[in-house]
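# Descriptive structure summary
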Amino acid sequence: MKKKHIFVYCIAVAAVFCMAACGGGKKTAASMHLVRTEGAVQVDDEKGKSVEIMENLGLYSGYGVITRAASYGWINLDDVKLAKMDQESEVEIVKEDKLLEINVSSGSLFFNVTEPLAEDETMNIRTSTMFVGIRGTCGWVETETEDVMNAYLLKGQVECTIVDEKGNILASAMLDAGQTARMEYDGKDASITVEKFSDIPDFVAEEIDDDDIDPSLLETTPPETETEPESETETEEESDDGDVIYFGL
């Protein structure tokens, strides 16, 4: 996958976490598993060789997962951390020392961590230019173009920062539940636009319930009130010129 020189980081406010990982450059036991697929899903290893889809397939560093049209993939970590790939999306698993990431190079990825990570754990959801440090957070990210990334939060809080190739901060903004951050960088100008959102895509809505959404975002519907039936009725009478005139008795 193509590397870019400019990186946009979305880092959970809780700080940077470390995940226990098997060291060294050799292939080690996977920390992520592809637990479910729907439709046409492809998995390639670190050498680009196709891997047979099977139940609870281990995903190692360098593995890529691709979903086709009307196809979805579910990635599980320790049963309390779920990621779901939307249709026509592509991700890569990145594992280096104590860092574990899902790199979203195209499409969209939902994430839901139902329990806070331990102090020695790290889980990052990443687009080609954005990192989302996960710790008890629920939302989704999407890659719109190479220069435009979006993050949406249903629960928790993250910080979004755009930096250049030297690590200099170009723009930064906090993102709260119910907000979306549109992050743009054309190589010269960087901007982060934060605003509220209300629509939740179907591939996300299918995976969440009220516990996965910040209580302040839940809409409450006022109780219905009974109304008195109207006592007046309308009748019609023709005028001299033939027009119909309505009036109430």
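Residues numbered from 1 in each chain as written. Predicted model: local features only at pLDDT ≥ 70, side-chain atom pairs only at ≥ 80, totals over all residues. Heavy atoms only, no water.

So, about the overall build of the protein chain. Counting secondary structure elements, the protein chain contains one helix and 20 strands. Per-residue burial for the protein chain yields a buried fraction of 43% across its 249 residues. Intrachain contacts of the protein chain at a sequence separation of at least 6 include 52% that bridge at least 24 residues. On the protein chain, roughly 14400 Å² of surface is accessible, and the fraction owed to carbon and sulfur atoms is 46%. (Helix = DSSP H or I, 4+ residues; strand = E, 2+ residues; numbered from the N terminus. Buried < 20%, exposed > 50% of the residue type's maximum accessible area, 1.4 Å probe, protein only. Contact = heavy atoms within 4.5 Å. Areas by Shrake-Rupley, 256 points an atom, 1.4 Å probe, with all protein chains shown as cover.)

Attention shifts here to the packing of aromatic side chains. Overall, the coordinates contain five aromatic pairs when judged by the stated rule. Summarising the aromatic geometry, the rings of Tyr72 and Trp74 are spaced 6.5 Å apart at their centres and angled 55 degrees between planes, so their arrangement reads as tilted. Site record: aromatic cluster; members linked through ring pairs are Trp140, Tyr152 and Phe197. Across the ring face of Tyr72, the terminal group of Lys84 is positioned such that the distance to the ring centre comes to 5.1 Å. (Phe/Tyr/Trp six-rings, centres within 6.5 Å; stacked < 30°, edge-to-face > 60°. Lys NZ or Arg CZ within 6 Å of the ring centre and 35° of its normal.)

Moving on, we come to the pattern of salt bridges. Per the stated rule, a full pass over the model turns up five salt bridges. Ionic pairing is found between Glu206 and Lys84, a salt bridge with its closest N-O pair at 3.1 Å. With Glu206 in the loop between α1 (202-205) and β19 (234-238) and Lys84 in strand β8 (residues 81-85), the pair connects residues that are 122 residues apart, well separated along the chain. In this structure Glu206 comes out as exposed when scored by relative accessible area, which is 59%. (Salt bridge = Lys/Arg side-chain N within 4 Å of Asp/Glu carboxyl O.)

Extensive coverage of strand β10 (residues 99-113) is indicated by the burial of twelve of its 15 residues. In this structure, β8 lies alongside β10, joined through five bridges in antiparallel fashion. By the bridge assignment, Ala83 is partnered in β10 with Phe111. Sheet analysis places β10 next to strand β11 (residues 124-127), joined by four bridges and oriented parallel. Each bridged residue has a counterpart across the sheet, and for Val104 the counterpart in β11 is Thr127. Alignment of β10 against strand β13 (residues 138-145), held across six bridges, turns out to be antiparallel. (Pairing = 2+ DSSP bridges.)

The next subject is the confidence of the model for the protein chain. On average, residues of the protein chain score 77 in pLDDT, and 73% of them are at 70 or above. Taken together, the stretch residues 233-239 has pLDDT below 50 and engages in 18 contacts with residues farther than four places along the chain or on a different chain. This stretch, residues 243-249, has a pLDDT under 50; its non-local contacts, to residues over four places away or in other chains, come to 19 contacts. (pLDDT = per-residue confidence, 0-100.)

A few words now on unusual backbone geometry. With a phi close to 55 degrees, Ala70 is a non-glycine residue in the positive phi region. Its place among the elements puts Ala70 in the loop between β6 (64-67) and β7 (72-77). Look at Glu88: it is not a glycine, yet its phi comes out positive at around 50 degrees. Looking at the secondary structure, you find Glu88 in the loop between β8 and β9 (90-96).

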